[in-house]
Protein chains: 4
Amino acid sequence: MAIREIIQPGDHPYVFGRYHEPIARVSPGEIVAIYTEDAFEGRITGPDTLPSQVLGKYLNPQTGPIYIEGAEPGDTLVVELLDIEPTRDWAVSCLVPYFGGLTSTMMTRTLQDPLPELVWIYRRQPDGTWAYNDRFSVKPRPFMGTIGTAPDLEALSSLTPHMHGGNMDVPDVCAGNTVYLPVNVPGAYFSTGDCHVAQGEGEACGVALEVSGKVTVRFGLIKNRPIMWPRIVSPEDIMTIGSARPLEDAARIALAEMVEWLQSEFQYAKWDAYQLVSQTAKLTIANLVDTYYTVVAKISRTYTADTVSHTR
Amino acid sequence: MAIREIIQPGDHPYVFGRYHEPIARVSPGEIVAIYTEDAFEGRITGPDTLPSQVLGKYLNPQTGPIYIEGAEPGDTLVVELLDIEPTRDWAVSCLVPYFGGLTSTMMTRTLQDPLPELVWIYRRQPDGTWAYNDRFSVKPRPFMGTIGTAPDLEALSSLTPHMHGGNMDVPDVCAGNTVYLPVNVPGAYFSTGDCHVAQGEGEACGVALEVSGKVTVRFGLIKNRPIMWPRIVSPEDIMTIGSARPLEDAARIALAEMVEWLQSEFQYAKWDAYQLVSQTAKLTIANLVDTYYTVVAKISRTYTADTVSHTR
Amino acid sequence: MAIREIIQPGDHPYVFGRYHEPIARVSPGEIVAIYTEDAFEGRITGPDTLPSQVLGKYLNPQTGPIYIEGAEPGDTLVVELLDIEPTRDWAVSCLVPYFGGLTSTMMTRTLQDPLPELVWIYRRQPDGTWAYNDRFSVKPRPFMGTIGTAPDLEALSSLTPHMHGGNMDVPDVCAGNTVYLPVNVPGAYFSTGDCHVAQGEGEACGVALEVSGKVTVRFGLIKNRPIMWPRIVSPEDIMTIGSARPLEDAARIALAEMVEWLQSEFQYAKWDAYQLVSQTAKLTIANLVDTYYTVVAKISRTYTADTVSHTR
Amino acid sequence: MAIREIIQPGDHPYVFGRYHEPIARVSPGEIVAIYTEDAFEGRITGPDTLPSQVLGKYLNPQTGPIYIEGAEPGDTLVVELLDIEPTRDWAVSCLVPYFGGLTSTMMTRTLQDPLPELVWIYRRQPDGTWAYNDRFSVKPRPFMGTIGTAPDLEALSSLTPHMHGGNMDVPDVCAGNTVYLPVNVPGAYFSTGDCHVAQGEGEACGVALEVSGKVTVRFGLIKNRPIMWPRIVSPEDIMTIGSARPLEDAARIALAEMVEWLQSEFQYAKWDAYQLVSQTAKLTIANLVDTYYTVVAKISRTYTADTVSHTR
């Protein structure tokens, strides 16, 4: 049986919100393959392309919104990531003026000149790694940079990660893992995009190995079970995600959400949960370049029940 | 041949600085075993101890300063961590009023009441893990919470991590790894303390499994080779460490130091180094509870020369 | 001749955005009086009202959007504040759980209990000041807490201050001053609300003397003259406004915008502008409680031309 | 009767701490005139001086420490500022590489080039203002950029503002006002320096109108009355000062200290104090360029008793 494919029929939205018409309706349990454009909508094609000249006004085109049948505010949307594949054999990274982690930006303003505009075209090598020169090559670990639902009232830029998910740039949004997202509007209005062949934690320069992609997912719903922030379950870990500025606020959110999760679902008393998190958590920076910064907290599933009860 | 043991002869210093007299002189190449007190100088002994009543004015007693023969400003001090062992079979964690990551603090002030004062005594279990109840147990991964040299002019609290090292609370300061520290004063004035049986990244509640310890090290010197911030080399990774507030500034320091290191020692061009860091770095939060927060950036040694040239 | 009055015909929007239908169309030069609800839509009426029980899901109802005839993206909208008057003789302040500057919040998360829920009803006194008890009274200095245009693509919560204006909580948005706002969509889609009888800088507890109000304005347009962030001109000062987190980023934006303004309109060379700002600016915190924090930079008009050329 | 003059007899200290020998002993009630060097120890003398070439390793030479007879830990040191005068008719401002508010810095690291090194020599004009060219002139409002006591154990750089005072760069440290500082060590170990002819709030470029100066003070002691952070009383206002990063933490400290002060000395109940601060405080940024940023909160003395009881 063929998997249904979802391709954006018209313009890609550049916001997460309830104000665009859904492009597809999917039922829980159904498997679909979603095609996504790269972060630049394919406008950067070679090392001589100047980002400041070819880029449109917006970044991170989304595929969506996708209406999930039966989703109601107060539910949790379950997104099993079955497969993520780049749909071409080259990827782009670049330096965009006043964007990234080791430059001043439009929000962290200085009077300095920007870094030079540079473009790198990474190509898939015979050994499966990706490289733009002989100096080093990168092992592919494809994931979706943006994934989320519609906020309740707001329409948020697809450059923004927040409670609804969005541009979190978390490498754990990869095949084999399951992402949990809050449902804020009827139908959830799911969107995704910004496929990365690979990315370091922090996404230092602000631009990963940007590629067009195909992500195969199965949606599910946990009815009447709200979550405030996105969560991920991998075979090894349960994860909470916080996005905020300054970065310590993102970390506090991820940690506090983990304490809350351990209490509400895994029968930890509050202070036992705080101890478990204090003594065993992993705490990694997913991005320090987006409009909010993102931190991921992880606890080994050896500390939770044999299986995470609600995943299926 | 017996290893020389260094035990604090009098009061422990609670600062990193040049203003205390050295307690020992050690030559590069010599192996010594240093004994350290726990972060509370042993004052918390049971679950009924109230931290606010028994704690002294200062935390994190250091063993030192140790004078390294031949160390001069502009050198790098090499500290090979050969072994780290707790010297007792129980460890303390606790909640100290207005201290920690998920509470307001003296620096992040609110008008709220503090969290309750609670003490947990973790005991070594027959299977080697450490636990205070049946709910969960923690695998030991002992490391030194504080390790550093004297700043040039300042005397900095042993609660502070900064360019000189200090209270970084980085779990990678463990046996098998090598720590590099700047030498700012003749003799370097090395100190260490705050041994942890284990700690989660971020050290969420501010207090790890605090224990007295014995750390066996071999010192070395790289002459006329200054570094600005501490670095670590493990069998797998090279690591840079930044400590600052807000947390994004700590992350920027770690990332920028890594770009600099890749250029100066591993023959990467500047923008290649920025790409390598952007696409492959690990970026973890060591602590978000100390006077400065600490972030560690890691790059796989598969991207550097076969061996890190300067380690021996 | 009577001034046209604008009253919200239906539900108040709780976002700034292009997705609501305009409630009125106004031409440049026309004077209109706009009626606004208080931040709680009038739900808190006495000291025994518990905010957490009576408040709706959203705060800061807006009156708008108002379509400004002829406004096009790239123009600047000029809003002369001719008069601001509370429309009742009592105002509300209160403590909302996990909201404010001296409490942990949903974004600066801790595990502490919230501050108590308290409500204060300030009443206009015979001497014109406002007070809730005999301990102190507050001199009225009414201003609009929220004022702004629609962002381009986003719909942003009316709790958020950003480039479009919004919930800046700047006491200088008062009668006698002129506010400049960017036009991002045809018609500008102006909204305002959140009238304050008075407020301290920083708005420490997060809730000023909240009141329903009537604001009389004259709109103007500066064609083909974009600004990035809101600006204010008073009889004494020119002002730039930045809203961001952390607070230093808001300050940097305000300062950098002032340097830019001095260059582009007042013939200062870049470094002269930086010196003038460094040696003479006022720099005040308008709020440290909203989703972004807001800072105002001021330069005395003695340093600019006799009149600010573009105000009319 | 001649006022005793205090001139640094040897090298100026570049730290606040207990580790330098006092250069003078002064009794409470005595008036002394203290001479201070400029922030660059006079090394920048003309527009062609390159800061990076002539500056020493440290900035902000202090005059001190001065031993205050009878001062004991737990007391408050009272410093009445009777007069502050520049001792020359020219002052220096400049751009120091990677230092200031609108540039990346050693703590907010980027890979960008620094701003150009520029020096401005402001000269006193016949009309009393100070100027370096015809474009604008600055009205003198001389104050001491650094003023403080010794921390308990630490020796802190004279670039650092913290609980002991230090490099706060608060323009209200001017003649006519009284500064209150915590006493942490016997004798208090008072130092001051970094005289500014004038400075904007925020000290945007990091360098005010730096000048050598003479400050005339009368010291006093409030026995057995500790304060945590510096305070100022002017004829109009009482002020609290917080220094921290990020900037919101500095603001929170200033606001929380004001709430505490209103409770402990002016008979406000806690929540009344929070309301008074929320609705009437001024909140200004003194610097966003030093190792910690500094914020000042002000409450009008119309809200306190007729006189601030403890000033004499």
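To be clear, the structure that these remarks concern was listed above.
A brief report on the enclosed structure follows. (Residues numbered from 1 in each chain as written. Chains lettered and ligands numbered in written order. Predicted model: local features only at pLDDT ≥ 70, side-chain atom pairs only at ≥ 80, totals over all residues. Heavy atoms only, no water.)

## A word on the interface of chain C and chain D
At step 1: Each side of the interface is counted separately: chain C has 57 residues, and chain D has 56 residues.
At step 2: Buried area between chain C and chain D, both sides added, is near 4,700 Å², and the carbon and sulfur share of it is 60%.
At step 3: Scanning the region where chain C abuts chain D turns up 0 salt bridges.
At step 4: If you list the elements that add at least two residues to the side of chain C that touches chain D, you get strand E8 (119-124), helix H2 (247-266), helix H3 (270-280), strand E19 (282-287) and strand E20 (293-300) of chain C.
At step 5: For the side of chain C that touches chain D, the element with the highest residue contribution is H3(C), accounting for 9 residues.
At step 6: Grouping the constituent residues of the side of chain C that touches chain D by class yields 35 nonpolar, 14 polar and 8 charged. (Contact = heavy atoms within 4.5 Å. Buried area = accessible area lost by both parts, 1.4 Å probe. Salt bridge = Lys/Arg side-chain N within 4 Å of Asp/Glu carboxyl O. Helix = DSSP H or I, 4+ residues; strand = E, 2+ residues; numbered from the N terminus. Nonpolar A, V, L, I, M, F, W, Y, C, P; charged D, E, K, R; others polar.)

## Digging into the relation of the copies chain C and chain D
At step 1: Rotating chain C by 180 degrees about the axis while translating it 0.0 Å along that axis superimposes it on chain D, leaving an RMSD of 0.0 Å. A rotation of that kind, with that shift, is consistent with a two-fold axis. In terms of proximity to the rotation axis, the leading residue of chain C is C:Thr284, whose C-alpha is 2.2 Å off the axis.
At step 2: The overlap is high: 98% of the interface residues of chain C also sit at the interface in chain D, so the same surface is used on both sides. (Least-squares fit on C-alpha atoms with pLDDT ≥ 70 in both.)

## Digging into the sheet that holds strand E7 (residues 90-94) of chain D
Residues and elements named next belong to chain D.
At step 1: The 3 strands are arranged E7-E8-E9 in an open sheet whose pairing can be described as antiparallel. Each having just a single partner strand, E7 and strand E9 (130-131) make up the two edges of the open sheet.
At step 2: One ladder, built from 5 bridges, connects E7 with strand E8 (residues 119-124); its direction is antiparallel. For Ala 91, the partnering residue across the bridge sits in E8 and is Tyr 122. (Pairing = 2+ DSSP bridges.)

## Considerations on unusual backbone geometry
Phi is mostly negative for residues that are not glycine, and the peptide bonds are mostly trans.
At step 1: Cis geometry marks the peptide bond from A:Gly64 to A:Pro65; its omega dihedral reads -5 degrees.
At step 2: Examined against the element boundaries, A:Pro65 turns out to sit in strand E5 (residues 62-68).
At step 3: The linkage connecting B:Arg245 with the following residue, B:Pro246, adopts the cis geometry, with an omega of -5 degrees.
At step 4: Structurally, B:Pro246 can be placed in the loop between strand E18 (237-244) and helix H2 (247-266).
At step 5: With a phi angle near 55 degrees, D:Tyr189 is a residue other than glycine that sits in the positive phi range.
At step 6: According to the relative accessible area criterion, D:Tyr189 is buried, its value standing at 13%. (Buried < 20%, exposed > 50% of the residue type's maximum accessible area, 1.4 Å probe, protein only.)

## Things to note about the packing of aromatic side chains
At step 1: Inspection of the entire model under this criterion finds 44 aromatic pairs over all chains.
At step 2: Here C:Phe136 and D:Tyr303 contribute two aromatic rings whose centre-to-centre distance is 6.2 Å and whose plane-to-plane angle is 85 degrees, an arrangement assigned as edge-to-face. Of this pair, C:Phe136 sits in the loop between strand E9 (130-131) and strand E10 (143-148) while D:Tyr303 sits in the segment after strand E20 (293-300), on two different chains. Assigned by exposure class, C:Phe136 and D:Tyr303 land together as buried.
At step 3: The rings of A:Trp120, A:Tyr122, A:Tyr132, A:Phe136, B:Tyr268 and B:Tyr303 are connected pair by pair, giving a single aromatic cluster.
At step 4: One Lys or Arg, A:Arg135, reaches over the ring of B:Tyr268 and ends 3.6 Å from the middle of that ring.
At step 5: Here D:Arg88 stacks its cationic end above the ring of D:Trp90, 3.7 Å away from the centre of that ring. (Phe/Tyr/Trp six-rings, centres within 6.5 Å; stacked < 30°, edge-to-face > 60°. Lys NZ or Arg CZ within 6 Å of the ring centre and 35° of its normal.)

## Some words on H2(B)
Residues and elements named next belong to chain B.
At step 1: In this model H2 runs 28 Å from its N-terminal to its C-terminal C-alpha over 20 residues, within 8% of the 28 Å that 1.5 Å per residue would give.
At step 2: For H2, the buried fraction is high: 17 of the 20 residues fall into the buried class.
At step 3: Immediately downstream of H2, the backbone of Gln 267 shows phi near 60 degrees, a positive value. (Expected span 1.5 Å × (residues − 1).)

## Considering the relation of the copies chain B and chain C
At step 1: Rotating chain B by 180 degrees and moving it 0.0 Å along the rotation axis overlays it on chain C with an RMSD of 0.0 Å.
At step 2: Both copies present the same face, since 100% of the interface residues in chain B are matched by interface residues at the equivalent positions in chain C.

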